[in-house]
Every structure is written in C-alpha cells, then in structure tokens.
Amino acid sequence: MSSTPGASESRIQTLKTLVGMLMGRRSAFSSLSSATLDIDDVLLARKWLKQPESWRDRSVTEAYEKTFTDWIGARFGFAFETGRTALSACIHALDLKPGDHVIIPGYTCVVVDNAFRFAGCRISYCDIELETFGPDAGSLKHLVTPDTRAIVIHHLYGLVCRDLEPIMALSREHGIPVIEDCAQAAGAEFKAARVGNFGDLSFFSSEQSKVINTIQGGVAVTNREDLAARIKHYQEEADFPNMQRIGRLLMTAVHNYYRHRNTGWSLTGSHAVFRYASRRVISTTQEEIEGKKPEGYGCRLSAAAAALGLNQLKKIDHYNRLRRETAAKWDRWCEEKGYDPPTVLPDSLPVFLRYPVIVEPERKKDLSWAEKDPGVRPGVWFVSHLHPSNRTVSDCPNATRAVQGCVNFPGILS
Ligand SMILES: *Cc1c(COP(=O)(O)O)cnc(C)c1O
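Residues numbered from 1 in each chain as written. Predicted model: local features only at pLDDT ≥ 70, side-chain atom pairs only at ≥ 80, totals over all residues. Heavy atoms only, no water.

**Student:** I'm lost on the overall build of the chain in this one. Help?
**Tutor:** Each helix and strand counted, the chain has 16 helices and 14 strands in total. For the chain, whose C-alpha radius of gyration is 20 Å, the value lies close to the compact-globule estimate of 22 Å for 414 residues. The C-alpha extent of the chain, read off along each of the three principal axes, is 65 × 55 × 40 Å. Across the 414 residues in the chain, those meeting the buried criterion constitute 60%. Residue pairs in contact within the chain that sit at least 24 positions apart in sequence constitute 76% of those at least 6 positions apart. Separation of charge centres in the chain, based on 51 positive and 48 negative side chains, amounts to 7 Å. (Helix = DSSP H or I, 4+ residues; strand = E, 2+ residues; numbered from the N terminus. Rg over C-alpha atoms; globule rule 2.2 N^0.38 Å. Buried < 20%, exposed > 50% of the residue type's maximum accessible area, 1.4 Å probe, protein only. Contact = heavy atoms within 4.5 Å. Lys, Arg positive; Asp, Glu negative; His and termini not counted. Charge placed at Lys NZ, Arg CZ, Asp CG, Glu CD.)

Dropping the structure here:
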C-alpha cells in the first residue's frame, strides 16, 4: 500500500536512518509499517535466506493455508503472492468476463480497481459511510442493475463495516455474489464469526503494513466448494515468484525490523539497513499506480513467505488484543479533542489495524500538529479515492470527505 518512493528520495531516507542509528537515536514515532515484526521473524528470515532450495516447497505453503484458514474458521483458503492476486483469483472463480458489471467502494486501493480492470470488468463506484468507512448500502442499492455480477465490500482499518447485513441481504435478494475485502481486518469478528465468512469469497493481505506481515502475501478464502475448486485451479496455473523476488522479500523482512522496529544502534542493524535498503520490496509499483498490469502479476505464495506467515499467526491474537487496547487510548484522545471516534458495530470485534479519525482537511495536508499531541505520526490512508493513485471518483461525497480529512493512528505503539 505504500507508494513508490523515488530512488534518490529512498537513498536519502536510508542515509538518515543510518545516521540516526549510528547516533543511537531512536525514532520518537511509532512506525506504521511492520508493526508485528519481531526478532524471531528476523531470525527466521535469515535462516530462510540460507536455504533457497526450499523457497518453492509446496508443503510449507499448504501448512500456512491450513493454519490461516482454520484460524479464520472457513473451509477453503489458497495463498498467493499478494492480496491483489488473491482478489484476481476470486474474480476468476466468479468467472467474470470482459464487460461484466461490478460495484466496488469509491474509497479503496488502486490495486483492487486494477484487479477488475485487468479482467475487463465495467466498474461502478459506490459511496461509503463515515462511521466505519465501508460501502453505504443506500448508495450501493442505486447502482445495482440486472447485469451486476459482483459486489465488493470491505472492512477498512480493521473495523467491521456498518452495512454488512443490509448489503448481504441485497446480495441475496438479487443473487449477486459478494467479495469481502478483508485486507485490513484479519481476525475481526461479527456475531462471533471472523470476517471473511460473510461474502461468497473473501481475500486477505499480509503486506508489510497489514495485520500480519509476510512483506507480501495474500489468501483467498471461501466456504463454497464450487468456488474453491476454481480458485485452486487458478493457483495451480500460477507460477511461484522468481528466486530474486523471494530473496528480496526475505531481505525486506530483515531490513524492516531494523528500520522500523529495533531502531537503536547496533552493528547488525546498521549493516542490514545498509545492505538491504536498495533491494527491498515495493508494494505498489508506479506501473500499478498507472493502472497497468506488471510483469509477473498473479503468482502463488512462496514457501519463504508462508514460513513467515506461520510465525506471524502465532502472535496475531496477542497483537490484535494490543490493537484494541491502543484504540481505547485513541477513544479518549478523540473525546478530549472533540473528534468523532469510529463506530464499532454492535456484536462486532474490530482489530484496529489503524484508528481512523476525520480531522480538518488542512490538518491532513500538514501533519506537523500531531508531533506534539498525540505524539505519533498519523497515516494518511487514503490519499485519493483509489489510493495511492491520483484518480478521483465522482458522486461519492462521503468518500471525498474521507480523502480530504481521514487520518489514522497506529494500532500498535512502539
Ligand atoms: C492492502 C490492501 C489490498 C491489497 O493487498 P496487497 O496484499 O497489497 O495486494 C486490498 N484492499 C485493501 C483495502 C488493502 O488495504
């Protein structure tokens, strides 16, 4: 989800990090990336760097798929190199054809839009509500036509979306399948079931800014046997990422830990940041921001990433509890400052990947106010209707309001 830094900008940032480390300066700000990466993940990544012969070992990916899917409480799950590819697998499973009409939220990631564009779909954008930033059932209803073949709902920031039930009812009434975008909400629950079990299909992400982190990763989930067979087929046809990409993923894990988590001075840390900075994985490339399909799109998940995923899953419940504790702190902050806290849907358990707050638009443009109080660097998801591109979507006034004013605080403080 992070945008592509320019090469020189990235070099300057690396230099700053290194100087900071050498001077023993810890960053005062909680990082918004890689919040769940710990030293055990780093040791694991280093071990895997030394065994490239195992990087495409299917049994590790299968073990991860099983553990993840059991944890979600669903029947079938298939792992891919990214969440966006898992979405493409869902699109394939629904047999969406060029020209088919789909409805997606007008406040989402450009890679979600891209997955449908790559399939040639005709896309309508529905507005969101400003309580949980999910699709607004009222807006969605007006866009449904007899030709509509799929609806995307999402649970942003780790909040279960407000209109989940009315939208599922609408889907049943019209016989339109729902794809649930759970990229930011792994572990969130509604009426004691984890998200990902409500739509006909769902997908998760373990990109470096998400609830669990394998640098890049995604899982497509379903409870329907017919759709599972089609996802499986898509996965069987998919390549593993090339060896260079898998190596870079592991190096990025090591790099991110020392750059974002353990930022005090150490020889090992400075060495890792220096050595791996230029080789780290960029989540969304300039090509994708421009809506083009990059070469090598649509791979399955490597065993190396799956091994990190298995380790992350051991800690996810702990970290999700921590996120909810942090949210209570942001609730108090909102009350003090007179901002509206996000809505927690009754009977839901959010995971607060981030804590979203709508502030004055000028405060989203210049975030320096936050340095003093609350003393963390806010995130800016989303900077546009189709983040992080600069594309806008019309007739979605609430989405526009969120683009202008919604900032977010970290769910895990360092
Ligand atoms: C991150 C994200 C995606 C895409 O996941 P990747 O693993 O980065 O491909 C899709 N939807 C939302 C809401 C996301 O936050």
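**Student:** For this particular structure, what's the right way to read the nonpolar core?
**Tutor:** Across soluble globular proteins, nonpolar side chains have a tendency to be buried as a group. Formed by 125 residues in total, the largest nonpolar core has its most connected members in Trp48, Tyr64, Phe68, Tyr107, Phe116, Phe133 and Ile179. It is helix α9 (residues 243-261) that provides the largest number of residues to this core, a total of 8 residues. Those residues in contact with tyrosine 107, other than ones at most four positions away along the chain, are Ile128, Phe133, His154, Leu156, Tyr157, Trp381, Phe382, His385, Ala399, Ala402, Val403 and Cys406. (Core = buried A, V, L, I, M, F, W, Y, C linked by side-chain atoms within 4.5 Å.)

**Student:** Hey, could you run me through unusual backbone geometry in this one?
**Tutor:** Glycine aside, the phi torsion of most residues is negative, and most peptide linkages are trans. Residue phenylalanine 382 follows tryptophan 381 across a cis peptide bond; omega there is -5°. Turning to its location among the elements, phenylalanine 382 is positioned in the loop between α15 (369-372) and β13 (386-387). Cis geometry marks the peptide bond from histidine 387 to proline 388; its omega dihedral reads -5°. Locating proline 388 in the fold gives a position in the loop between β13 and α16 (397-405).

**Student:** Just to check I follow, could you spell out the site of the ligand for this structure?
**Tutor:** The environment of the ligand is made up of 16 residues, and the closest members are Gly83, Arg84, Asp181, Ser205 and Lys210. One nitrogen or oxygen atom from the side chain of arginine 84 is found 2.6 Å from an oxygen atom belonging to the ligand. At 2.8 Å from a nitrogen atom of the ligand is found a side-chain nitrogen or oxygen belonging to aspartate 181. Bound to the protein, the ligand loses 99% of the 380 Å² it would expose on its own. (Near = heavy atom within 4 Å. Polar contact = N/O pair within 3.5 Å; in protein donor to acceptor, adjacent residues only side chain to side chain. Areas by Shrake-Rupley, 256 points an atom, 1.4 Å probe, with all protein chains shown as cover.)

**Student:** Just checking my understanding: could you explain the pairing of strand β1 (residues 76-80) for this structure?
**Tutor:** On any regular strand, side chains alternate: one points to one face of the sheet, the next to the other face. The buried fraction of β1 amounts to 4 of the 5 residues, a majority that puts the element mostly inside the structure. Inspection of the sheet shows β1 paired to strand β10 (residues 218-222) by 5 bridges, in the antiparallel sense. Across the sheet, the residue bridging to phenylalanine 80 is glycine 218, located in β10. (Pairing = 2+ DSSP bridges.)

**Student:** Help me understand the pattern of salt bridges, please; the structure alone is not making it clear to me.
**Tutor:** When the charged atoms of two side chains with opposite charge come close together, those side chains can pair. Per the counting criterion, the structure on display carries 24 salt bridges. Between lysine 191 and glutamate 165 there is a salt bridge, with its nearest N and O atoms 3.0 Å apart. Linking lysine 191 in the loop between β7 (189-190) and β8 (193-194) with glutamate 165 in helix α7 (residues 164-174), this pair joins segments that are 26 residues apart in sequence. Members of the salt-bridge network, linked through shared partners, are Asp38, Asp40, Asp41 and Lys315. (Salt bridge = Lys/Arg side-chain N within 4 Å of Asp/Glu carboxyl O.)

**Student:** What's the story with helix α8 (residues 225-237) in this structure? I'm lost.
**Tutor:** Since the α-helix advances by 3.6 residues per turn, residues separated by three or four positions end up pointing in the same direction. The terminal C-alpha atoms of α8 lie 19 Å apart, and with 13 residues this matches the ideal 18 Å at 1.5 Å per residue to within 8%. Within α8, burial applies to Leu227, Ala228, Ile231, Tyr234 and Gln235. Buried positions in α8, seen along its axis, are confined to an arc of 120° and lie on one side of it. Among the exposed residues of α8, those pointing more than 90 degrees away from its buried face are Glu225 and Glu237. Contacts made by the buried residues of α8 are with α3 (58-72), β1, α4 (83-93), β9 (201-205) and β10. (Expected span 1.5 Å × (residues − 1). Arc of directions from axis to C-beta.)

**Student:** Explain the pairing of strand β12 (residues 354-358) to me, please; I cannot follow it from the model alone.
**Tutor:** Counting buried residues along β12, 5 of its 5 residues qualify, which places the element largely inside the surrounding structure. Taking every second residue as pointing to the same face, both faces of β12 are buried, with Arg354, Pro356 and Ile358 on one and Tyr355 and Val357 on the other. Where β12 lies against strand β14 (residues 406-410), 5 bridges are found, and the strand directions are antiparallel. Counterpart to isoleucine 358 in the pairing with β14 is cysteine 406.

**Student:** What's the story with the packing of aromatic side chains in this structure? I'm lost.
**Tutor:** Aromatic ring pairs are reported here in terms of the distance separating the ring centres and the angle at which the planes meet. Scanning the model with the defined rule gives 16 aromatic pairs in all. When the ring of phenylalanine 68 is compared with that of phenylalanine 204, the centres are 5.1 Å apart and the planes differ by 75°; the resulting orientation is edge-to-face. With phenylalanine 68 in helix α3 and phenylalanine 204 in strand β9, this residue pair connects regions lying 136 residues apart in the sequence. The two residues phenylalanine 68 and phenylalanine 204 agree in class, both being buried. For the ring pair phenylalanine 352 and tyrosine 355, a centre distance of 5.6 Å and an interplane angle of 20° mean the geometry is stacked. With a relative accessible area of 6%, phenylalanine 352 lands in the buried category. Overall, the relative accessible area of 1% leaves tyrosine 355 in the buried class. Through a chain of ring-to-ring contacts, the aromatic side chains of Trp330, Trp333, Tyr339, Trp369 and Phe409 assemble into a single cluster. Note that arginine 354 overlies the ring of tryptophan 381, its terminal NZ or CZ placed 3.9 Å from the centroid. Looking at arginine 363, its charged tip hangs above the ring of tryptophan 369, at a distance of 4.6 Å from the centre. (Phe/Tyr/Trp six-rings, centres within 6.5 Å; stacked < 30°, edge-to-face > 60°. Lys NZ or Arg CZ within 6 Å of the ring centre and 35° of its normal.)

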